[in-house]
Amino acid sequence: MELVMDDREVIEACRRGEPDAFAVLFEANKDRVYSIALRYSGDESEAMDIAQETFLKLLSQIQTFRGEARFESWLYRMVVNTCLDRKRGRRRLVPFMEDLFNVFRDTRESALQDLMRTETREHIQRAVANLAPDQRIVVVLRYTEGLSYDQIAEVLDCSSGTVASRLNRAHKLLERRLSRLREVKA
Amino acid sequence: MNIEELLSQNLRPVSAPPQLWARVLLPGEHHRSHGRRLAWCLTAALIFLMAVWGFRARGAGSQPALARAPHSPAVQLAYRGPRAFDASTTCLRCHLN
């Protein structure tokens, strides 16, 4: 399904309660919302829950969107709030067990120096998933969505300096956590 | 490769799974994941068992006069009848004697 209508028309149609318009809006934004949710949570099932919750909020709160801000910023803020509202301790038993298993697997395979690309990606995503929520969301908005510091600041309702500072801290932490992996790759 | 390149390459956007639309359309059907549903079922079963156990314990102790005055021969007689004087009620015998 393509976004054939203008954004403003789609939003107006959604506000009137037209189901087709909501389908168009969903189709245009589903990948964006799901990507942020997945990169933030690091878990597909959790990402589905976050994305579902975001779209349900969108459906119920579209009436309150007045068009003063850009729709994308409004949607980003909604998905970010949904992500941040979910408690950190909600990680399921299965990912926990997977992490535990990986600890043993990592030590066994560290001598091999032949990490597969998927495993590298898993390492990085796990390292990101272990960052503090305020740093993690900045990293996700920057590298998954490619937002500028100013855009991130607008979404998070803080200054660009705060964004830069959180990103800088996140970089340092990730560099430290991934240093072993980078040594193996080199 | 610096950290920024590493993150850009490994945190790329992904496509949403097709099931997401069904979950948004029918939120009640899919709202809880299987793990969470199982956890809720177990919690509900535990609460039910504790409630049953609690009511049974309360029922067993619902002879207030007997509990309050276990050694009173009159109460023993009222509640137990002639069994108040069998071989197991030694303390009652002491009272009667």
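Check the entry above for the structure.
The rules behind the values
Residues numbered from 1 in each chain as written. Chains lettered and ligands numbered in written order. Predicted model: local features only at pLDDT ≥ 70, side-chain atom pairs only at ≥ 80, totals over all residues. Heavy atoms only, no water. Helix = DSSP H or I, 4+ residues; strand = E, 2+ residues; numbered from the N terminus. Buried < 20%, exposed > 50% of the residue type's maximum accessible area, 1.4 Å probe, protein only. Contact = heavy atoms within 4.5 Å. Areas by Shrake-Rupley, 256 points an atom, 1.4 Å probe, with all protein chains shown as cover. Core = buried A, V, L, I, M, F, W, Y, C linked by side-chain atoms within 4.5 Å. Buried area = accessible area lost by both parts, 1.4 Å probe. Salt bridge = Lys/Arg side-chain N within 4 Å of Asp/Glu carboxyl O. Phe/Tyr/Trp six-rings, centres within 6.5 Å; stacked < 30°, edge-to-face > 60°. Lys NZ or Arg CZ within 6 Å of the ring centre and 35° of its normal.

S.K.: A description of the overall build of chain A should follow, citing residues and the corresponding values.
M.R.: Scanning chain A from N- to C-terminus turns up 9 helices and 0 strands. Order of helices (α) and strands (β) in chain A, N terminus to C terminus: α-α-α-α-α-α-α-α-α. Split into buried and exposed, the 186 residues of chain A put 44% on the buried side. Look at the contacts in chain A between residues 6 or more apart in sequence, and 64% of them connect residues 24 or more apart. For chain A, the computed accessible surface area is about 10200 Å², with 49% contributed by carbon and sulfur atoms.

S.K.: Describe the nonpolar core, listing the residues and the values that go with them.
M.R.: Counting 58 residues, the largest nonpolar core has Leu 58, Phe 71, Ile 137, Val 139 and Leu 141 of chain A together with Leu 7 of chain B as its most contacted members. The biggest single contributor to this core is helix H2 (residues 19-41) of chain A, with 11 residues. Ignoring sequence-local partners within four residues, the contact set of Leu 58 of chain A consists of Phe 22, Leu 25, Phe 71, Trp 74, Leu 75 and Met 78 of chain A.

S.K.: Give a description of the interface of chain A and chain B that names residues and reports values.
M.R.: Facing 30 residues of chain A, the contacting portion of chain B comprises 25 residues. Interface of chain A and chain B: buried area, both sides summed, is about 2800 Å²; carbon and sulfur atoms make up 65% of it. The largest share of the area that chain A buries against chain B comes from Met 48, Gln 52 and Tyr 143 of chain A, three residues that together contribute 24% of it. Counting across the chain A and chain B interface gives 1 salt bridge.

S.K.: Lay out helix H7 (residues 133-143) of chain A with the relevant residues and their values.
M.R.: Counting buried positions along H7 of chain A gives 8 out of 11 residues, so the element sits mostly inside the fold. Those residues of H7 of chain A that sit buried are Gln 135, Arg 136, Ile 137, Val 138, Val 139, Val 140, Leu 141 and Tyr 143 of chain A.

S.K.: Give a description of the environment of Ser 165 of chain A that names residues and reports values.
M.R.: All names here are of chain A. Take Ser 165: it is sitting in helix H9 (residues 160-185). Overall, Ser 165 belongs to the partly exposed group, its relative accessible area being 34%. Distance from Ser 165 to Gln 135, taken between C-alpha atoms, is 9.2 Å for residues 30 residues apart in sequence.

S.K.: Give a description of the packing of aromatic side chains that names residues and reports values.
M.R.: Residue and element names in this part refer to chain A. In the structure shown here, the tally under the stated rule is 6 aromatic pairs over all chains. Seen from their ring centres, Phe 65 and Trp 74 are 5.0 Å apart, and the 45° between their planes marks the pair as tilted. The ring of Tyr 40 has Arg 136 sitting right over it, with the charged end atom 4.1 Å from the ring centre.

Shape descriptors only; they carry no functional weight alone.
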